[in-house]
Amino acid sequence: MTETAAVPAENHDSHEDHAHPHVVPVRTYILVFLALMFGTAITVGASYVDFGHSYLNNIVALAIAFSKAALVVLFFMHVKYSSKLTQLAVGSGFAFLVILFFFVFADYLTRGWLGTPGS
Amino acid sequence: MQTEVVTTKSEGAVPGNGLDRENYINAKHGIWSWLLTTDHKRIAILYLITITLMFFLGGAFAAGVRLELMTPKGDLVDSDAYNKLFTMHGIVMVFFFLIPSIPAVLGNFLIPIMIGAKDLAFPKINLLSWYIYMAGAAFFMVATLFGGVETGWTFYTPYSTAFSHTNVILAAVGIFISGFSSILTGLNFIVTIHKMRAPGLTWFRMPLFVWAHYATSLIQILGTPVVAVTILMVAVERLLKLGLFDPALGGDPILFQHLFWFYSHPAVYIMILPGMGVMSELITAFTRKRVFGYEFIAISSLAIAVVGFLVWGHHMFVSGQSTYAGMVFSALSFLVAIPSAVKVFNWSATLYKGSVSWESPMMYAIGFIGLFTIGGLTGLFLAAMGLDIHMHDTYFVVAHFHYIMVGGAIFAYLGGIHFWWPKITGRMYPEYWARVAAVLVFAGFNLTFFPQFVVGYLGMPRRYHAYPDEFQVLNVMSTAGASLLGIAYLIPMLYLTWSLFAGKKAPANPWGAKGLEWTIQSPPTTFNFDHQPVVTEEAYAYAESHDTSHDPAAPPAQAHA
Ligand code: HEM
Ligand SMILES: [Cu+2]
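Residues numbered from 1 in each chain as written. Chains lettered and ligands numbered in written order. Predicted model: local features only at pLDDT ≥ 70, side-chain atom pairs only at ≥ 80, totals over all residues. Heavy atoms only, no water.

## Some points on the packing of helix α10 (residues 294–307) of chain B against helix α11 (residues 323–351) of chain B
Residues and elements named next belong to chain B. Packing of α10 against α11 brings their axes to within 9 Å, and their N-to-C directions diverge by 160 degrees. When the interaxial angle is binned, α10 and α11 end up roughly antiparallel. Our pair here, α10 against α11, has a crossing hand that is left-handed. In contact with Phe296, Ile297, Ser300, Ser301, Ala303, Ile304 and Val307 of α10, α11 contributes Leu332, Val336, Pro339, Ser340, Val342, Lys343, Asn346 and Trp347. In terms of residue class, the contact of α10 with α11 is made up of ten nonpolar, four polar and one charged. (Axes fitted to C-alpha atoms, helices over the stretch in contact; angles between N-to-C directions. Helix = DSSP H or I, 4+ residues; strand = E, 2+ residues; numbered from the N terminus. Parallel < 35°, antiparallel > 145°, perpendicular 65-115°, else oblique. Left-handed = near helix turned anticlockwise from the far one by under 90°. Contact = heavy atoms within 4.5 Å. Nonpolar A, V, L, I, M, F, W, Y, C, P; charged D, E, K, R; others polar.)

Quick look at the structure:
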C-alpha cells in the first residue's frame, strides 16, 4: 500500500538546472560566425565545380551544410555546455532525422535494383 | 500491516466522496474559472467536452458515407460530395478526436495524480495546448463552412497541390496548428514524468498507463514536426508553385508520401499506445492480480515507439517506391507486430487464474483484446508485399484500421472513461445501462466492419461512391451495423450526463483498485493530495487470495532499479 507522509508537497527538481549558465567568450561566437560565413562561401564556390557525378556535388554541399548546422547547435544553441539530458534530447531529434533520410534514400537510390513488380 | 491493505477501500483513513467537500469542481465558479484554469483536471474536462463534440461531428460524416453506400448506385450524393464526406470524416476523427482523446483527457487528468504530483510540469502550457487545439479546430470548421475538402485525410500530392479546388490550405492550416497542441501535451508529459514523480516512485514502479503515455509523448515530439513541415510544403507548393511534389514543377509526389507516412504511421501508435496503457490498468483492476510481465509491457511501449518509426513504407508498396525499399519496410513491419503481441499475450496471461469480474470497463477491455488482435494480424496481411498489391486501397484496409482505431483505441477510451468516471465526477453511472451499451457497441462494431474485410478482399475499392451490385449485401450489413453503433454510442452520452446530476455518490475507490488515484477523494481536490504521497511498492500489488505465503503489504521481493 502507498502511505502518505508529511513530506512537504514540493517536487524534487534537481538543482543543476538553476546552476550558473556557462559563459561563452565573445571571441568564440565571432569565430563560429566566421566559420559559418566561410562555409557559405565554399558552398557557393563548390556549386561551380563539377565533381564528376551530380550526386558528388550533393554530397559536398550537404557535408558543408551539416558542419554548419552542427556549429550552430553546439555553440549558438549552447548544447555543448548543456546537461546530458538536453544533449540526449537534441541527439535523438537528429537520430530521427537520420532515420527519415536513410529510408527515403533507401527508396530513391534503389529504384533500379529489382525492377518493378508486374512489369 | 494487514490493515493497510484495507485503506485502499473507501472507508477508514482514506477520504471518500468529495462532492460535499471542497474539490476541483466546486473550488471556483464561473465560466472564466474554467476557460482560464491551469488545473490539469479542469483542462481535461475542457478537452473531454470538445473532443466529444468532434466525435459526433465525425460520426455525422460517417453516417453520410454509410448511407450513400447502402445502394450500389451513387444516388444519395454525387462523387464530389462523397469525397468530401469521407475526407472530413477521416480528418475529424484522426486529428481532432483520436489523437487528443486518451492523452488529453485521461492522461491530463491522471498522470499527475498517478505519479503523486500536484499538476503537470507546465500548467500554463497545458492550457495553451487546449487553445491551440481550439484554434486548429476553428480553422478546420471554417474550411468546412466554405465547402470542405476532398483530398482524403492523407492529402496525397499531386492531387492536393495541383488539382483540388477545395479548401486544402484552410484545412491543412487547421491540422498544422492542432499538431502543436499535441507536441505541447507530449512535452508536458515527458518533463512531468521525468521530474515530478513522488518519492519512492521509481521508473519500474510506475503504472503502465504512465509508461504508455511516456512512449506516446516521444512519438508526438519526434514525429509531429515532420507532418507540420510536410503540410506547410503542400501549402507552399499550392501558393507559390514551388516544385516540391508536383512532377510538372520538378518535384516528386512520392516524397510527399514518405514525409506524410513518416509521421502518420507512428501517429497510429499515438492513437493506440495510450489505449494500451488504459488496458493494463483495466485488466489488473478487474482480475485483481499483478500484471504478468510488467517490464515487458513497459519496454514494449518504447519498442513500439521506436520501431514504429521504421515501417512507414508499408503504405507505399504500390506507389512506385523501389521494390528493394518495399522489402525492407515489409520485414520491419513484421517486427513491429512483436511488441504489440507481447502486450496481448501479457494481458491474456494476467487473466489466467485471476478473479475476473465483468464490470462494464472490463467488458470493453476484453473486447479490445480480441478486436485489436484481429486488427493487428490483418495489418500483417497488408504488410506482406505481394498480398498488399491485391488489397491496397480496398475495403480490407479500411476494416484493418477500424479494428484497431475503433475496436482498439475507442474501446479503450470508453473503458477508461467508465473506469475513471467516478474519480473524475464523483458519481457512479448506472452499471446495467453501461453493460447494455458495451454489448451493443461490440455487436454494432463487428457488424459494421467485419463485412468490410470480406467485401475488400473480394475487390471493392475504398473511396468510391458507387460499386457493383454483387457487393450490396455486405454493404447493407455494414450500414446496419453502423446505425446500431451510432445508437450504442449515444447511450453512454445519456446515462453519463444523467449520472452527473442523479448518479450515486462515488467512494474514493469504487473498484478496489490499486494506484495513487484511488487513495484520494472522488472528485479530487485542486492539488490532488493533502500530503506528498510516498510510494513503497510496485504497481498493481494486489494481494492474491490463493497466495497466503507472503504478507501482501510487504515490499516486493526484488528491488527494481
Ligand atoms: C501490428 C502492426 C500493424 C501493421 C503491420 C500494419 C500494417 C498496415 C499496412 C501494411 C497498411 C497499408 C495497407 C494499404 O494501404 O495497402 C496499413 C494501413 C493502415 N493502418 Fe495499419 N498496421 C498495424 C497497426 C496499425 C495500428 C496500431 C493502427 C492504428 C491505430 C493502424 C492504422 C492504419 C491506418 C489508418 C491505415 C490506412 C491508412 C490510409 O491509407 O488511409 N495500423 N496498416
Ligand atoms: Cu502504417
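Right, picking up where we left off after that structure.
## Examining the site of ligand 1
All names here are of chain B. Near ligand 1 there are 21 residues, and of these Trp153, Asp388, His392, His400 and Arg462 occur at the shortest range. Contact distances for ligand 1 include 2.5 Å between an oxygen atom and a side-chain N or O atom of aspartate 388. Histidine 400 places a side-chain nitrogen or oxygen 2.9 Å from a nitrogen atom of ligand 1. Looking at the shell around ligand 1, its residues break down into twelve nonpolar, seven polar and two charged. (Near = heavy atom within 4 Å. Polar contact = N/O pair within 3.5 Å; in protein donor to acceptor, adjacent residues only side chain to side chain.)

## Let's talk about the coordination of the iron atom of ligand 1
Residue and element names in this part refer to chain B. One donor from the polypeptide reaches the iron atom of ligand 1: His400 (NE2), at 2.1 Å. Between the iron atom of ligand 1 and the copper ion (ligand 2), the interatomic distance is 4.3 Å. Mapped onto the elements, histidine 400 comes out in helix α14 (residues 395–425). (Donors = N, O, S within 2.8 Å, 3.2 Å for Na, K, Ca; no water.)

## Quick look at the packing of aromatic side chains
Residues and elements named next belong to chain B. This model, assessed by the stated rule, comprises 52 aromatic pairs over all chains. With centroids separated by 6.2 Å and ring planes inclined at 80 degrees, the aromatic side chains of tyrosine 156 and phenylalanine 256 adopt a geometry described as edge-to-face. Placement of tyrosine 156 in the loop between α5 (123–145) and α6 (159–163) and of phenylalanine 256 in helix α9 (residues 253–287) is noted, with a sequence separation of 100 residues between them. Overall, tyrosine 156 belongs to the partly exposed group, its relative accessible area being 24%. (Phe/Tyr/Trp six-rings, centres within 6.5 Å; stacked < 30°, edge-to-face > 60°. Buried < 20%, exposed > 50% of the residue type's maximum accessible area, 1.4 Å probe, protein only.)

## Some words on the confidence of the model for chain B
Residues and elements named next belong to chain B. Taken residue by residue, chain B gives an average pLDDT of 91. The fraction at 70 or more is 94%. The secondary-structure element of chain B with the lowest mean pLDDT is helix α1 (residues 2–6), recorded at 33, while helix α15 (residues 431–457) shows the highest, at 97. Across residues 1–13 the pLDDT falls below 50, and counting only partners more than four positions away or on other chains, this stretch makes 21 contacts in the model. The low-confidence segment residues 546–561, where pLDDT is below 50, has 18 contacts with residues more than four positions distant or belonging to other chains. Prediction confidence for the complex, expressed as pTM and ipTM, is 0.88 and 0.81 respectively. (pLDDT = per-residue confidence, 0-100.)

## A closer look at the coordination of the copper ion (ligand 2)
All names here are of chain B. The protein atoms that coordinate the copper ion (ligand 2) are His265 (ND1), His314 (NE2) and His315 (NE2), at distances of 1.9 to 2.0 Å. The sequence pattern formed by the donor residues of the copper ion (ligand 2) is H-x48-H-H. Judged by relative accessible area, histidine 315 falls into the partly exposed class, the value being 22%.

## Details of the environment of phenylalanine 445 of chain B
Residues and elements named next belong to chain B. Within the secondary structure, phenylalanine 445 is located in helix α15. Overall, phenylalanine 445 belongs to the buried group, its relative accessible area being 0%. For phenylalanine 445 and tyrosine 403, which are 42 residues apart along the polypeptide, the C-alpha to C-alpha distance reads 8.5 Å. With near-sequence residues (within four places) excluded, phenylalanine 445 lies in contact with Leu371, His402, Tyr403, Val406, Gly407, Phe411, Leu440 and Leu485.

## Brief notes about the nonpolar core
Grouped together as the largest cluster of nonpolar side chains are 175 residues, with contacts concentrated most on Trp312 and Trp420 of chain B. With 22 residues, helix α4 (residues 79–114) of chain B is the largest single contributor of residues to this core. Not counting chain neighbours up to four residues away, the residues in contact with tryptophan 312 of chain B comprise Ile99, Leu100, Phe103 and Val104 of chain A together with His258, Trp261, Phe262, His265 and Phe329 of chain B. (Core = buried A, V, L, I, M, F, W, Y, C linked by side-chain atoms within 4.5 Å.)

## Description of the pattern of salt bridges
Across all of its chains, the model carries seven salt bridges over all chains by this definition. Aspartate 252 of chain B is the partner of arginine 111 of chain A in a salt bridge, and the nearest nitrogen-oxygen pair spans 4.0 Å. With arginine 111 of chain A in the segment after α3 (84–108) and aspartate 252 of chain B in the loop between α8 (208–240) and α9, this pair bridges two chains. Taking the relative accessible area as the measure of exposure, aspartate 252 of chain B reaches 22% and is therefore partly exposed. (Salt bridge = Lys/Arg side-chain N within 4 Å of Asp/Glu carboxyl O.)

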